[in-house]
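Letter by letter, the chains look like this.
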Amino acid sequence: KPLLIKRFYLKETEKKIKELLRDKAIDLVIVETLQVAEYIRGIPNIFKVLDEHNLEFIRAGRRIKASDNWIKKIYYYIIMRRLRNYEIRVIRDFNHCLVCSDTDKKTIKKFIRSKEVSVIPNSVDTSYFYPAEKGDFSKKIIFTGTMWYEPNIDAAKYFAGEILPLLLSEEPGIEFIIVGECPSKDILALSKQKNISVTGYVKDIRPYLSEAAVFVAPVRMGSGTRLKILVAMSMGIPVVSTTIGCEGLAIINGENICIADSPNQFCKAITRLIQDKLYRNHIAWSGRRLVENQYSHEVVQMKLNLFWKNIESCIKN
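What counts, and at which threshold
- Residues numbered from 1 in each chain as written.
- Predicted model: local features only at pLDDT ≥ 70, side-chain atom pairs only at ≥ 80, totals over all residues.
- Heavy atoms only, no water.
- Helix = DSSP H or I, 4+ residues; strand = E, 2+ residues; numbered from the N terminus.
- Rg over C-alpha atoms; globule rule 2.2 N^0.38 Å.
- Buried < 20%, exposed > 50% of the residue type's maximum accessible area, 1.4 Å probe, protein only.
- Contact = heavy atoms within 4.5 Å.
- Areas by Shrake-Rupley, 256 points an atom, 1.4 Å probe, with all protein chains shown as cover.
- Lys, Arg positive; Asp, Glu negative; His and termini not counted.
- Charge placed at Lys NZ, Arg CZ, Asp CG, Glu CD.
- Salt bridge = Lys/Arg side-chain N within 4 Å of Asp/Glu carboxyl O.
- Polar contact = N/O pair within 3.5 Å; in protein donor to acceptor, adjacent residues only side chain to side chain.
- Core = buried A, V, L, I, M, F, W, Y, C linked by side-chain atoms within 4.5 Å.
- Pairing = 2+ DSSP bridges.
- Axes fitted to C-alpha atoms, helices over the stretch in contact; angles between N-to-C directions.
- Left-handed = near helix turned anticlockwise from the far one by under 90°.
- Nonpolar A, V, L, I, M, F, W, Y, C, P; charged D, E, K, R; others polar.

Chemist: Could you give an account of the overall build of the chain, with specific residues and numbers?
Modeler: In terms of regular secondary structure, the chain is built from twelve helices and ten strands. Taken over the C-alpha trace, the chain has a radius of gyration of 21 Å; the compact-globule value for 317 residues is 20 Å, and the two agree within 12%. Each principal axis of the C-alpha distribution contributes one length, and for the chain these read about 65 × 45 × 35 Å. Buried positions account for 50% of the 317 residues belonging to the chain. Of the contacts formed within the chain by residues at least 6 apart in sequence, a portion of 64% connects residues at least 24 apart. Carbon and sulfur atoms form 52% of the exposed surface of the chain, whose accessible area is close to 16,500 Å². Where the 49 positive side-chain charges of the chain centre and where its 36 negative ones centre are 5 Å apart.

Chemist: Just give me the short version of the pattern of salt bridges, but keep the residues and values in it.
Modeler: For the coordinates displayed, the defined rule picks out 14 salt bridges. When the shortest N-O distance is used, the salt bridge between Arg22 and Asp23 registers 3.3 Å. Each member of the pair Arg22 and Asp23 is classed as exposed. Here the residues in one salt-bridge network are Lys11, Glu14 and Lys18, joined through shared partners.

Chemist: So what about the side chain of Ser286? Which residues, and what values?
Modeler: Within the secondary structure, Ser286 is located in helix α11 (residues 277-295). In this structure Ser286 comes out as buried when scored by relative accessible area, which is 5%. One polar contact links the side chain of Ser286 to the main-chain carbonyl oxygen of Glu255, over a distance of 3.3 Å. Within the structure, the side chain of Ser286 is placed 2.8 Å from the backbone oxygen of His282, a separation counted as a polar contact. When near neighbours in sequence (up to four residues on either side) are disregarded, Ser286 contacts Glu255 and Asn256.

Chemist: Describe in detail the nonpolar core, supporting the description with residues and values.
Modeler: Membership of the largest hydrophobic core comes to 59 residues, with the highest contact counts inside it found for Phe159, Phe176, Val216, Val240 and Ile270. Top element by residues in this core is helix α6 (residues 150-170). It accounts for nine residues. In this structure, Phe176 is in contact with Ile141, Phe143, Ala156, Phe159, Ala160, Leu164, Asn195, Ile196, Ser197 and Val216, ignoring residues within four places of it in sequence. Leu4, Ile43, Leu55 and Phe94 belong to the second largest nonpolar core, which has 29 residues in total.

Chemist: Describe the sheet that holds strand β4 (residues 117-119), with residues and values.
Modeler: Taking strand neighbours across the sheet as the criterion, the four strands line up as β1-β2-β3-β4 in an open arrangement whose pairing is parallel. Whereas interior strands pair on both sides, the edge strands pair on one side only; in this sheet they are β1 (28-32) and β4. On average, adjacent strands in this sheet sit at an angle of 20° to one another, irrespective of strand direction. Note that β1 and strand β2 (residues 47-51) share five bridges and pair parallel. Paired with Val29 across the two strands is Lys48, which belongs to β2. Contacts between helix α5 (residues 102-111) and the sheet are confined to β3 (96-99) and β4, with β4 contributing the most and set at about 170° to the helix.

Chemist: Please provide a residue-by-residue account of the sheet that holds strand β9 (residues 239-241), values included.
Modeler: Pairing within the open sheet is parallel, and its six strands lie in the order β7-β6-β5-β8-β9-β10. Each having just a single partner strand, β7 (196-200) and β10 (258-259) make up the two edges of the open sheet. Alignment of strand β6 (residues 175-179) against β7, held across four bridges, turns out to be parallel. Paired with Ile177 across the bridge in β7 is Ser197.

Chemist: Run through the packing of helix α9 (residues 227-234) against α11, naming residues and quoting values.
Modeler: At their nearest, the axes of α9 and α11 sit 7 Å apart, and the two run at 115° to each other. Considering the relative orientation of α9 and α11, their crossing is left-handed. Residues Leu230, Met233 and Ser234 of α9 pack against Ala284, Gly287, Arg288, Leu290, Val291 and Tyr295 of α11. Of the residues contributing to the contact of α9 with α11, the split by class is six nonpolar, two polar and one charged.

If you want it as structure tokens, here you go:
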């Protein structure tokens with residue numbers, strides 16, 4: 001087993017699951033994430049659905065490109081290959097696989113053409129994450145996420161180290177706000193810089209988002225889709241993201257999001273959003289409409305209901 005799987009594996013948990021499956025008439029098992037799929041692999045006569053929040057081998061592979069250290073690149077490559085072999089074997093063992101985007105579905109199909117894969121995107125409560133009344137226009141740039149998670153740590157450090165200095169030369173009053181639980185030592189160290197704040201865990205993220213001029217997703221690794229982008233869009237905050245950051249979402253660059261894959265591109269996109277009110281409002285409200293039309297709870301719930309009806313018929317047959 002890859003290290004990622006061993007880290008989450010408990011013999012006691014496997015024993016308990018097998019007891020439940022032995023003692024109860026269970027027709028369907030839904031497994032959330034690859035990390036716990038090992039408990040269900042190989043168990044016969046049960047319909048098994050694997051919900052892949054991320055493709056872990058894709059996430060691992062992107063660490064290779066993000067690293068400047070050749071020893072680490074080799075190490076990450078070995079991890080990626082082991083994870084890929086394991087993850088594809090696991091997906092084969094399940095009757096059906098759920099993913100968040102067409103991008104992840106296409107990746108799986110490259111390895112297993114016959115596999116049943118369905119796309120159920122992330123969704124947002126659009127009545128809860130609603131555009132707030134704006135006060136005085138701020139120059140706050142916000143990034144959110146679980147701040148012990150490596151892709152988020154890398155994204156925040158990349159923005160603070162390579163993008164923010166360029167921005168400050170164009171717009172001196174800019175402030176970078178990092179919001180999210182369990183910030184690592186590297187993230188806490190960023191708060192020592194004059195124009196950076198690190199909040200740690202907050203009970204309600206909406207007040208922080210509502211004060212922001214721009215939401216950024218300078219993500220360079222990871223897979224799946226970023227719910228944080230959809231939440232920001234739902235609140236009418238214009239988003240600037242890397243291509244990887246907004247991967248799998250039905251976005252259009254310059255219409256409902258700004259895509260930037262270099263520090264200079266990020267700087268230009270954010271500066272334009274701050275200086276051009278009409279453009280900022282266009283991106284913000286187009287993003288809100290996108291979430292309402294494709295990623296609201298109501299829209300995704302209909303897709304999910306249809307999916308489970310199809311699964312029910314598969315089990316009965």
